[in-house]
Amino acid sequence: MYGSFLCNKGSYMPKINYITADGERHEIQVDQGYTVMEGAVNNDIDGIPAECGGACACATCHAYVDQEWLPKLPAMDDMEDSMLDAAYERRDNSRLTCQIEVTNELDGLIVHIAENEC
Ligand code: FES
């Protein structure tokens, strides 16, 4: 189980676990309200170029969500679904990390970063 950090504002900063395509694991505290993509970009995690800046228009923030976390994520909308069709090696646990907002409920989330190309 993963813990949380109590920040100065008195709110918890959930931890997101990013696993890069070459197997490196990074446990990063991300403020609620940011997206999982922003947590990676702001912390220089390799493999998420996020070319469109989070507009759901590039699929370069593609990741595979650990199976146990899939039911806890917000539902995928049609736009994300169709954009994922353009992603390299889409799988049943594929998501666009720019479409996942970090919340306390996602403390400990594990995402495996896909082979994202610019
Ligand atoms: S950053 Fe472009 S689709 Fe997510």
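A short tour of the structure in this document, coming up. (Residues numbered from 1 in each chain as written. Predicted model: local features only at pLDDT ≥ 70, side-chain atom pairs only at ≥ 80, totals over all residues.)

### A look at the overall build of the protein
The secondary structure content of the protein amounts to two helices and seven strands. Put simply, the protein runs from its N terminus to its C terminus through helices and strands in the order β-β-β-β-α-β-α-β-β. Within the protein, counting contacts between residues at least 6 apart in sequence, those at least 24 apart form 66% of the total. (Helix = DSSP H or I, 4+ residues; strand = E, 2+ residues; numbered from the N terminus. Contact = placed C-beta atoms within 7 Å.)

### A short note on the environment of Thr60
Position of Thr60 relative to the elements: it lies in the loop between helix 1 (36-42) and strand 5 (62-65). Assessed through the 22 C-beta atoms surrounding it within 10 Å, Thr60 is described here as buried. In this structure, the C-alpha to C-alpha distance between Thr60 and Met37, residues 23 residues apart in sequence, is 9.7 Å. (Buried ≥ 20, exposed ≤ 12 C-beta atoms within 10 Å, placed from the backbone.)

### Structural notes on the pairing of strand 7 (residues 109-113)
Side-chain alternation along strand 7 places Leu109, Val111 and Ile113 on a buried face and Ile110 and His112 on a face that remains uncovered. Sheet topology note: the strand 3 (residues 15-19)/strand 7 ladder contains four bridges and is parallel. In the strand pairing of strand 7, Tyr18 is matched with Val111. Relative to strand 7, strand 5 runs antiparallel, the two sharing three bridges. Along strand 7, the bridge assignment pairs Val65 with Val111. (Pairing = 2+ DSSP bridges.)

### Details of the environment of Met13
Looking at the secondary structure, you find Met13 in strand 2 (residues 12-13). When the 20 C-beta atoms within 10 Å are taken as the criterion, Met13 is described as buried. Taking C-alpha positions, Met13 is 7.9 Å from Asp107, a pair spaced 94 residues apart along the chain.

### As for the nonpolar core
Nonpolar side chains tend toward joint burial in soluble globular proteins. One finds Ile16, Val36, Met37, Ile48, Cys61, Val111 and Ile113 to be the most contacted residues of the largest nonpolar core, which totals 25 residues. Among the secondary structure elements, those contributing two or more residues to this core are strand 3, helix 1, strand 5 and strand 7. Once you skip the residues sitting within four places of it in the chain, Ile16 turns out to touch Ile28, Val30, Val36, Gly39, Val102, Leu109 and Val111. (Core = buried A, V, L, I, M, F, W, Y, C linked by C-beta atoms within 7 Å.)

### Some details on the pairing of strand 3
Residues Ile16 and Tyr18 of strand 3 are buried on one face, while the alternating residues Lys15, Asn17 and Ile19, pointing to the opposite face, are not. Bridge analysis of strand 3 against strand 4 (residues 25-29) gives five bridges, and the strand direction is antiparallel. Looking at the pairing, Tyr18 lines up with His26 of strand 4. In this antiparallel pair of consecutive strands, strand 3 and strand 4, the connection spans five residues, and Gly23 shows a positive phi of 95 degrees.

### What about the sheet that holds strand 6 (residues 94-96)?
Whether parallel or antiparallel, the strands of a sheet pair through hydrogen bonds between backbone atoms. Pairing in this open sheet of five strands is mixed, and the strands run 4-3-7-5-6 from one edge to the other. Of all the strands in the sheet, the pair left with one neighbour each is strand 4 and strand 6. Between one strand axis and the next, the sheet turns through 35 degrees on average, direction left out of account. Here strand 5 runs beside strand 6; their pairing, made up of three bridges, is antiparallel. Of the residues in strand 6, the one forming a bridge with His62 is Leu96. (Axes fitted to C-alpha atoms, helices over the stretch in contact; angles between N-to-C directions.)

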